[in-house]
Amino acid sequence: GSIDLRKDVGKIDELEKRLKFSEMVGYIGIGHTRWATHGAVTRWNAHPHIDCSGKIVVVHNGIIENYVDLKRDLERKGHKFRTQTDTEVIPHLIEEHLKEKETFLEAFEAAIRELKGAYALAIITSLEPERIYFARFFSPLVIGIGDKEYFVASDIPAFLEWTQRVIILHDGDYGYVSQDGVFLKNLFVGDFVERDIMTVEWTKEMAEKGGFEHFMLKEIHEQPESVRRTIIMAEKQMADMVSMLDDAEDIYIVAAGTSYYASLHGQYAFAKYGLKSRAIVSSEFLEEVGTFVDKDDVIIGVSQSGETADTLKALRHAKNRGAKIIAITNVIGSAITRIADKSIIMGAGPEIGVAATKTFTAQVATLNYMILKWAKAHGYDVGNLVEKLRNAPEDMSLVLKDNEDKAKKLAEEMYVKTNAYYLGRGLGLPTALEGALKMKEIAYIHAEGYPAGESKHGPIALVEPGFPIFAVVLKDETYHRMQIAIEEMKSRGGYIVSVTEMDDTHTQNMSDFSFFVPGGYSNILAPLVYVIPLQLVAYYTAVKRGYD
Ligand code: M6R
């Protein structure tokens, strides 16, 4: 009947030493690690948040867009706020509704009906100490069904140690878990709803570090296996793909971040075989093509999580206009699969490291498999590429082995840098863009990727002696133009780091530092091997800079 609330600012293991979460006594509990989005990084602003009485405790992922209005109204009614967060309105709102509602559930429902924005909520109250309330709108939330125990989490790996049985909640779902099971209603249905319980094939070991220092490094090393599984799964799931693509007037590939770079690769790979498509960043989709999309189009949505709000928004828009939707995702049952007419699930296993690595190569492998299938069906000569795709995992293992120490060595130089450029052309461009994203996201070094031919149109102005230039060099029709780009940068004193085919001594001689990949990848398979050294450099540079 009482709530023990512990929270603070800092890394989890430091807080654990100070606050001893693991010694807390009880049989229900909630917790949340959250980046500051509203207000400074302070103990008060950390989750969970409580109402005036201290009886309602809330953790929240998402953003409450109308919190300013709600807060003003609640303050007028006498509620005292302790934080600058958007989340704090939620416990106060429930507290307010409890004044006129008979049950906590009714007050909870009335409160969430007032919220605008996105939320995944877990709530406990000392008024009903046997329940954890939850609600989902736009932000992902899943329920794990254990042996007489239940878990509410924003992602499946959080409870893989205890169960593989999962309910993926839909938007508008809310309710509670207790010893007796899951009580589930939906705001829009206005009644009880039933959701399937799925069993995921992910294992507990997949959600552990398995001897690696960080999940990111583990996931970089998992890539051969993840691509192998993904190709096997792609083979089983693409039966009707050729006709779907054939029937399309326009094909758009829609995604965000790393998934967008994989999609851009898809566009280039499709173009190689004369299939026209266009990759679009999902947050720009509505403005760029939203008014043109119609029932004759096919939209391929690429999303590791299957839950990225901008991507879902773009796909819903296209679906409402009658377009057919194909989803490529890593998470079975995720929101994207409910929008899609056809879903292709990848076999990358859970992505825990946040920085996408194995899911990028899995997405590339899936899109490659798709286009090779289409090209073969249309009589294109794809050579031995299908076989090579199947064998790529072996070469990926070699690339990992050959380049890891080199990446550590380069990190010794990179960690003091403040900027870097990543250049590529054609099929090398998406890899360059992804390399830059990894460097800025993980090592916090400003990094910009762009098509190599653009240097002279502005970016070269920044290059001075020692400025790192990463060049992704394929031995295809872009090869000589990449050499010219490298020369340009060298003439300004740029420090050239190239990723080249093993026997490309010409580029290696021009470079200050080189990573090698096996021959035979200067085609649509390129990102599978070329991206690995760039992931490793970003990782080791971050470690060298002392970042977690
Ligand atoms: O789950 P999604 O693939 O839809 O996520 C999209 C991006 O947020 C994601 O790819 C992000 O850019 C990476 N985690 C960066 O490493």
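As the structure is a prediction and not an experimental result, all values here were calculated from the model.

*Asks:* Explain the overall build of the chain here, please?
*Replies:* Looking only at helices and strands, the chain features 17 helices and 21 strands. Taken over the C-alpha trace, the chain has a radius of gyration of 25 Å; the compact-globule value for 548 residues is 24 Å, and the two agree within 12%. Along the longest, intermediate and shortest principal axes, the C-alpha atoms of the chain span 75 × 50 × 45 Å. Counting over 548 residues, the chain shows a buried share of 57%. Here the chain contributes 62 positively and 78 negatively charged side chains, and the mean placements of these two sets differ by 2 Å.

*Asks:* What is the right way to read unusual backbone geometry from this model?
*Replies:* Leaving glycine out, the prevailing phi sign among residues is negative, and the prevailing peptide bond configuration is trans. Residue Pro-48 follows His-47 across a cis peptide bond; omega there is -5 degrees. Tracing the sequence through the fold places Pro-48 in the loop between helix 1 (12-19) and strand 1 (49-50). Not every positive phi belongs to a glycine, and Lys-20 is a case in point at roughly 50 degrees. Lys-20 sits in the partly exposed class, given a relative accessible area of 35%.

*Asks:* How should I be thinking about the pattern of salt bridges in this particular structure?
*Replies:* As a working rule, side chains carrying opposite charge can pair if their charged atoms are close by. Tallying each qualifying case throughout the model produces 29 salt bridges. With its nearest N and O atoms 2.9 Å apart, the salt bridge here joins Glu-109 to Arg-113. Note that Glu-109 and Arg-113 are positioned in helix 4 (residues 104-114) at a spacing of four residues, about one turn of the helix. The closest approach of N and O atoms between Asp-341 and Lys-319, which form a salt bridge, is 3.9 Å. Of the two residues, Asp-341 sits in the loop between helix 11 (335-339) and strand 16 (342-345) while Lys-319 sits in helix 10 (residues 309-320), which places them 22 residues apart along the sequence.

*Asks:* Help me understand the site of the ligand in this model?
*Replies:* In the vicinity of the ligand, 13 residues are found, and the nearest of them are Ser-259, Ser-303, Ser-305, Thr-308 and Glu-441. Ser-305 places a polar side-chain atom, nitrogen or oxygen, 2.6 Å from an oxygen atom of the ligand. Take Glu-441: an N or O atom from its side chain is 2.7 Å from an oxygen atom of the ligand. Considering the ligand on its own, with 410 Å² of exposed area, one finds that the protein chains cover 81% of that surface. Those elements giving two or more residues to the shell around the ligand turn out to be helix 8 (257-272) and helix 14 (429-443). Residue contributions to the shell around the ligand peak at three residues, all from helix 8. Classifying every residue of the shell around the ligand by side-chain character gives four nonpolar, seven polar and two charged.

*Asks:* Is there a simple way to think about the sheet that holds strand 1 in this case?
*Replies:* In a beta sheet, neighbouring strands pair by backbone hydrogen bonds and run either parallel or antiparallel. The strand order across the open sheet built from seven strands is 1-2-3-4-8-9-10, with neighbouring strands paired in antiparallel fashion. The outermost strands of the open sheet, each flanked by one partner alone, are strand 1 and strand 10 (191-192). Here strand 2 (residues 56-64) runs beside strand 3 (residues 117-125); their pairing, made up of nine bridges, is antiparallel. Its bridge partner being in strand 3, Val-58 is matched across the sheet by Ile-123.

*Asks:* Looking at this model, I keep getting lost on a nonpolar patch on the surface. Mind explaining?
*Replies:* A surface patch of nonpolar side chains, about 420 Å² in accessible area, is lined by Trp-35, Tyr-444 and Tyr-547. With respect to the secondary-structure elements, Tyr-444 resides in the loop between helix 14 and strand 18 (446-451).

*Asks:* Looking at this structure, I do not really get the packing of helix 12 (residues 358-377) against helix 13 (residues 385-414). What am I missing?
*Replies:* In a packed pair of helices, the relevant descriptors are the angle between the two axes and the axis-to-axis distance. The N-to-C vectors of helix 12 and helix 13 enclose an angle of 165 degrees; their axes lie 10 Å apart at closest approach. The pairing of helix 12 with helix 13 is recorded here as roughly antiparallel in orientation. Relative to helix 13, helix 12 is oriented so that their crossing is right-handed. For the pair formed by helix 12 and helix 13, the contact residues are Thr-361, Ala-365, Asn-368, Tyr-369, Leu-372 and Lys-376 on the first element and Leu-385, Val-386, Leu-389 and Met-396 on the second. Of the residues assigned to the contact of helix 12 with helix 13, the class counts are seven nonpolar, two polar and one charged.

*Asks:* Hey, could you run me through the packing of aromatic side chains in this one?
*Replies:* Each aromatic ring pair is specified by the distance between its two centres and by the angle formed by the two planes. Counting across every chain of the model gives 21 aromatic pairs. Ring geometry for Phe-513 against Phe-515: centres 5.3 Å apart, planes inclined by 55 degrees, an arrangement best described as tilted. Summarising the burial analysis for this pair, Phe-513 and Phe-515 share the class buried. Among the aromatic residues, those joined into a cluster by ring pairs are Phe-104, Phe-108, Tyr-133, Tyr-174, Tyr-176, Phe-183 and Phe-192. The side chain of Arg-131 reaches across the aromatic face of Tyr-176, ending 3.8 Å from its centre. Note that Lys-544 overlies the ring of Tyr-415, its terminal NZ or CZ placed 4.8 Å from the centroid.

*Asks:* Looking at this structure, I do not really get the packing of helix 3 (residues 89-98) against helix 4. What am I missing?
*Replies:* One way to put it is that helix 3 packs onto helix 4 with a least axis distance of 8 Å and a crossing angle of 125 degrees. By the criterion of interaxial angle, the relationship of helix 3 to helix 4 is oblique. Between helix 3 and helix 4 lies a crossing of right-handed hand. Only Phe-104, Ala-107, Phe-108, Ala-110, Ala-111 and Glu-114 of helix 4 make contact with helix 3, whose side of the interface consists of Leu-93, Ile-94, His-97 and Leu-98. Per-class residue counts for the contact of helix 3 with helix 4 are eight nonpolar, one polar and one charged.

*Asks:* Any chance you could explain the sheet that holds strand 20 (residues 495-501) here in plain terms?
*Replies:* In spatial order, the strands read 18-17-19-20-21; together these five strands make up an open sheet with parallel pairing. Each having just a single partner strand, strand 18 and strand 21 (513-517) make up the two edges of the open sheet. For this sheet the average axis-to-axis angle between neighbouring strands, irrespective of direction, equals 15 degrees. Each of strand 17 (419-424), strand 19 (468-472), strand 20 and strand 21 is contacted by helix 13, which is oriented at about 160 degrees to strand 21, the strand it contacts most.

*Asks:* What's the story with the nonpolar core in this structure? I'm lost.
*Replies:* It is characteristic of soluble globular proteins that their nonpolar side chains tend to be buried jointly. Membership of the largest hydrophobic core comes to 93 residues, with the highest contact counts inside it found for Ile-300, Met-370 and Phe-470. Ranked by residue count, the leading element in this core is helix 17 (residues 526-544), at 12 residues. Leaving out residues up to four positions away in the same chain, Phe-470 has contacts with Leu-410, Met-414, Ala-420, Tyr-421, Tyr-422, Leu-423, Met-439, Val-497, Leu-534 and Val-537. In terms of nonpolar packing, the next biggest core, distinct from the first, is built from 28 residues, Leu-74, Ala-107, Tyr-119 and Ala-135 among them.

*Asks:* Help me understand the side chain of Asn-368, please; the structure alone is not making it clear to me.
*Replies:* Within the element layout of this structure, Asn-368 appears in helix 12. Not counting residues within four places of it along the chain, the set of residues in contact with Asn-368 comprises His-265, Ala-269, Leu-389, Ile-524 and Leu-525.

*Asks:* How should I be thinking about helix 8 in this particular structure?
*Replies:* Taking 1.5 Å per residue, 16 residues should reach 22 Å; helix 8 reaches 23 Å between its end C-alpha atoms and fits that length. Within helix 8, burial applies to Thr-258, Ser-259, Tyr-260, Tyr-261, Ala-262, Ser-263, Leu-264, His-265, Gly-266, Ala-269 and Phe-270. Buried residues along helix 8 sit in contact with strand 12 (251-255), strand 13 (278-281), strand 14 (298-303), helix 12, helix 14 and helix 17. With its phi angle positive at about 75 degrees, Gly-274 sits one or two positions after the end of helix 8.

Definitions and cut-offs
Residues numbered from 1 in each chain as written. Predicted model: local features only at pLDDT ≥ 70, side-chain atom pairs only at ≥ 80, totals over all residues. Heavy atoms only, no water. Helix = DSSP H or I, 4+ residues; strand = E, 2+ residues; numbered from the N terminus. Rg over C-alpha atoms; globule rule 2.2 N^0.38 Å. Buried < 20%, exposed > 50% of the residue type's maximum accessible area, 1.4 Å probe, protein only. Lys, Arg positive; Asp, Glu negative; His and termini not counted. Charge placed at Lys NZ, Arg CZ, Asp CG, Glu CD. Salt bridge = Lys/Arg side-chain N within 4 Å of Asp/Glu carboxyl O. Near = heavy atom within 4 Å. Polar contact = N/O pair within 3.5 Å; in protein donor to acceptor, adjacent residues only side chain to side chain. Areas by Shrake-Rupley, 256 points an atom, 1.4 Å probe, with all protein chains shown as cover. Nonpolar A, V, L, I, M, F, W, Y, C, P; charged D, E, K, R; others polar. Pairing = 2+ DSSP bridges. Patch = residues over 30% accessible without salt bridge, like charges linked within 9 Å, V, L, I, M, F, W, Y side chains within 5 Å. Axes fitted to C-alpha atoms, helices over the stretch in contact; angles between N-to-C directions. Parallel < 35°, antiparallel > 145°, perpendicular 65-115°, else oblique. Left-handed = near helix turned anticlockwise from the far one by under 90°. Contact = heavy atoms within 4.5 Å. Phe/Tyr/Trp six-rings, centres within 6.5 Å; stacked < 30°, edge-to-face > 60°. Lys NZ or Arg CZ within 6 Å of the ring centre and 35° of its normal. Core = buried A, V, L, I, M, F, W, Y, C linked by side-chain atoms within 4.5 Å. Expected span 1.5 Å × (residues − 1).

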